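The chain contents come next:
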2 protein chains.
Amino acid sequence: MIKIGVDAMGGDFAPKITVLGAMDAIKKYSDIEITLFGDEKRIKEYLIDSTRINIVHTDRVVDMGEHNPIGEIRTHKDSSLAMAMQAARDGVVDAIVSAGPTQVVVVAAHLIVKRIPEMKKVAIAPIIPSFDGRGKILLDSGANVELKAEHINDLAFYATVVAKEVLGVSNPKVGLVNIGTEEGKGREVDQEAYEILKNNKKINFGGNVEPKEAFFTDCDILVTDGFTGNIMMKSIEGTAKAFKDMLKQEIKASKKASIGYALFMKKAMKKFAKRFDASEIGGAMICGVNVPIVKAHGSSDPFAFMNAIRQARQLVEGRVVEKVISTYRSEKSE
Amino acid sequence: MIKIGVDAMGGDFAPKITVLGAMDAIKKYSDIEITLFGDEKRIKEYLIDSTRINIVHTDRVVDMGEHNPIGEIRTHKDSSLAMAMQAARDGVVDAIVSAGPTQVVVVAAHLIVKRIPEMKKVAIAPIIPSFDGRGKILLDSGANVELKAEHINDLAFYATVVAKEVLGVSNPKVGLVNIGTEEGKGREVDQEAYEILKNNKKINFGGNVEPKEAFFTDCDILVTDGFTGNIMMKSIEGTAKAFKDMLKQEIKASKKASIGYALFMKKAMKKFAKRFDASEIGGAMICGVNVPIVKAHGSSDPFAFMNAIRQARQLVEGRVVEKVISTYRSEKSE
């Protein structure tokens, strides 16, 4: 049995969607067991089937607008998030899923679950949609404002293991996010990272990738520092939203278009929206700590949250953390 | 008369679209005169009306894939781009429009037209679409891989003058591109830039803007370094392309949707595409040099190229360069 700890109170619509998502995941995967951390009474409002689901009660919830992540985690050991993390550290659960505030999840991962000693940095790795529907891992998307080239190199290897186990790609290709495709482009850190990645035999390096190719490149992994990754992710998010909103407005503005949409296009548009929706693929992984942690989007619906649980299950089943650690240790002893 | 120099041979479809765009601009604006620099014979194939248009012949064209911009500009003074720039430097024309390769245009601006002494950096400033249709100025979008906070501050002021004259905004608001909205977010350079921008009385500072708000914010100008701006611009570009391609695919994949589209939605979709199309608003401005220069997109159609000419006209008419210079000089003498 794979034991997954769920921060039932994290996210904009908790505990409703976390509980519904957990029940969906239980139905779908017979090899998982879920522990929900949070307000027992509120959880039970939605938990109509507790098969392979147990509850660890706590009153405290991390505020979604929390501005002092370190203070929060250091002071309150009894929040649903901190308790789930502690259970992971104690080996009571094998992985964590939370839709709580990103920076607090990262800090809790750091302070409670702890970093893999061989990895110098912890990174946030969302899966971004790709044109072929397989998804791509983007990291770091915001845990570290600055990263050295060697850190980017560590992340590239970590993500390679993840891509094999979670995306099911046999020889995942790594692209370095950059402002041009030729070698020598970008800032000093990008030029250095290019050099190190090129010589890293543990990964399959595909060179520089410009963000305009993010959806079309054959790279499965896109690496960069957390500032750049965050700018990229939020640019994609904003453009997709603007696109959707403008499209809706134009359809609504014309009676003819509204009729055409309702009669003929609704299904095609839904399929289209689904392809562009990252929640289809999963949440963001917190890479570099001792236990797999998946950060679901704050506004996840039950389906997206279920997918984040599925992803946590795959990270455990694929023994991602163990594989990273053992590779580093065997290299060291060589 | 406003005299505009056009690099007739720059761009993927030159000289056809540059000549057609020039003729359109002449029809639309009675106060401009255009000089086309390039192959006279090829230009004349398309120039059916030479009212207020003259030609300066040259055989040489800058290759669209040129990888050595500095070498190109230093060695070949007789390319259509270099000759247009030289004419601007000599005061024969008041502004330049080119759809040639961006980095070569920037280098030519630097080496031939020269930097305004008070501006320490030259930046590329495209106009990106916004939800309300007014457009926003993003800079630097790629001329400088790294910028100091004081350079970002210079660009914010320059763009403020441009936004007044070109976008017609009376008190343009400046946003600093960042990974969070609160003060103190981002890298050291972003934190420093925030501080300087906040205290700059020549601009109206609106704080940090996350790229996901780029289309929705009430800021008219978004400032950052050239690496970040380029990542952002190319992320927007790639997402818009992926979105369009996926939408097309889904409509084509269903017969019902194809019929619905053809009968009812074509017009709404065209209006939508128009709103998202930056060519409606203009090209990228090269900010910080002694003459207004507009870099049209390499794949511009005549309409987009005409719009770039319109924009150059506005920059001259609004006396943008003079206003920037006189503000700096009057500050100095205070």
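Here is a short report on the structure shown in this document. Nothing here was measured: the structure is a model prediction, and the numbers come from that model.

Basis of the calculations
- Residues numbered from 1 in each chain as written.
- Chains lettered and ligands numbered in written order.
- Predicted model: local features only at pLDDT ≥ 70, side-chain atom pairs only at ≥ 80, totals over all residues.
- Heavy atoms only, no water.
- Contact = heavy atoms within 4.5 Å.
- Buried area = accessible area lost by both parts, 1.4 Å probe.
- Salt bridge = Lys/Arg side-chain N within 4 Å of Asp/Glu carboxyl O.
- Polar contact = N/O pair within 3.5 Å; in protein donor to acceptor, adjacent residues only side chain to side chain.
- Helix = DSSP H or I, 4+ residues; strand = E, 2+ residues; numbered from the N terminus.
- Patch = residues over 30% accessible without salt bridge, like charges linked within 9 Å, V, L, I, M, F, W, Y side chains within 5 Å.
- Areas by Shrake-Rupley, 256 points an atom, 1.4 Å probe, with all protein chains shown as cover.
- Lys, Arg positive; Asp, Glu negative; His and termini not counted.
- Charge placed at Lys NZ, Arg CZ, Asp CG, Glu CD.
- Buried < 20%, exposed > 50% of the residue type's maximum accessible area, 1.4 Å probe, protein only.
- Phe/Tyr/Trp six-rings, centres within 6.5 Å; stacked < 30°, edge-to-face > 60°.
- Lys NZ or Arg CZ within 6 Å of the ring centre and 35° of its normal.
- Pairing = 2+ DSSP bridges.
- Axes fitted to C-alpha atoms, helices over the stretch in contact; angles between N-to-C directions.

## Considering the interface of chain A and chain B
Logical step 1: With 52 residues of chain A at the interface, the matching set in chain B holds 52 residues.
Logical step 2: Where chain A abuts chain B, roughly 5,300 Å² becomes buried across the two surfaces, and 77% of that area is made up of carbon and sulfur atoms.
Logical step 3: Contact with chain B buries surface across chain A, with A:F227, A:F243 and A:M246 losing the most and accounting together for 14% of the total.
Logical step 4: Summed over the shared surface of chain A and chain B, the number is two salt bridges.
Logical step 5: When the shortest N-O distance is used, the salt bridge between A:E210 and B:K234 registers 2.4 Å.
Logical step 6: For the interface between chain A and chain B, the tally reads eight residue pairs in polar contact (both at pLDDT 80 or more).
Logical step 7: For the side of chain A that touches chain B, the elements supplying multiple residues, two or more each, are α8 (226-253) and α9 (255-275) of chain A.

## Thoughts on a positive patch on the surface
Residues and elements named next belong to chain A.
Logical step 1: The grouping of R74, K77, R89 and K114 at the surface amounts to a positive patch.
Logical step 2: In this fold, K114 is placed in the loop between α5 (102-113) and β5 (123-125).
Logical step 3: Relative accessible area serves as the criterion here: at 37%, K114 is assigned to the partly exposed category.

## A few points about the pattern of salt bridges
Side chains that carry opposite charge are capable of pairing whenever their charged atoms lie near each other.
Residue and element names in this part refer to chain A.
Logical step 1: The final tally for this structure, using the stated rule, is 26 salt bridges over all chains.
Logical step 2: A salt bridge links D31 to R313, with the nearest nitrogen and oxygen atoms 2.8 Å apart. Of the two residues, D31 is situated in the loop between α1 (16-28) and β2 (32-38) and R313 in helix α10 (residues 302-317); the sequence distance between them amounts to 282 residues.
Logical step 3: Accessibility expressed as a relative area gives 12% for R313, which makes it buried.
Logical step 4: K198 is the salt-bridge partner of E183, the closest N and O atoms lying 3.1 Å from each other. With E183 in the loop between β8 (173-177) and α7 (188-198) and K198 in helix α7, this pair connects stretches of sequence that are 15 residues apart.
Logical step 5: Looking at K198, the relative accessible area reads 40%, which means it is partly exposed.
Logical step 6: Look at the salt bridges and you will find they share partners, linking D31, R313 and E317 into a network.

## Looking at the packing of aromatic side chains
Logical step 1: Evaluated as defined, the whole model comprises seven aromatic pairs over all chains.
Logical step 2: On the basis of an interplanar angle of 90 degrees and a centroid distance of 5.5 Å, the ring pair of B:F157 and B:Y328 is categorised as edge-to-face. Linking B:F157 in helix α6 (residues 149-167) with B:Y328 in helix α11 (residues 320-333), this pair joins segments that are 171 residues apart in sequence. This pair shows no difference in class: B:F157 is buried, exactly as B:Y328 is.
Logical step 3: In this structure, B:K202 is placed above the aromatic ring of B:F157, and the distance from its NZ or CZ to the ring centre is 5.0 Å.
Logical step 4: A cation over a ring is seen here: B:K241 above A:F216, with NZ or CZ 4.8 Å from the ring centre.

## A short note on the side chain of B:S300
Residues and elements named next belong to chain B.
Logical step 1: Structurally, the position occupied by S300 is in the loop between β12 (293-295) and α10 (302-317).
Logical step 2: Reaching out from S300, the side chain makes a polar contact with the backbone oxygen of H297 at a distance of 2.6 Å.
Logical step 3: Among all residues touching S300, those that are not within four sequence positions of it are F13, I17 and F305.

## Re the sheet that holds strand β9 (residues 204-209) of chain B
Residue and element names in this part refer to chain B.
Logical step 1: On the basis of which strands lie adjacent, the open sheet formed by five strands has the order β6-β7-β10-β8-β9 and mixed pairing. Two strands in the sheet have a free side with no partner beyond their single neighbour: β6 (127-128) and β9.
Logical step 2: With two bridges joining them, β6 and strand β7 (residues 136-139) adopt antiparallel strand pairing. The residue of β7 that forms the bridge with I127 is I137.
Logical step 3: Packed onto the sheet, helix α8 (residues 226-253) meets β6, β7, β8 (173-177) and β10 (221-223) and runs at close to 130 degrees relative to β7.

Functional significance is not addressed by these values, which are geometric in nature.
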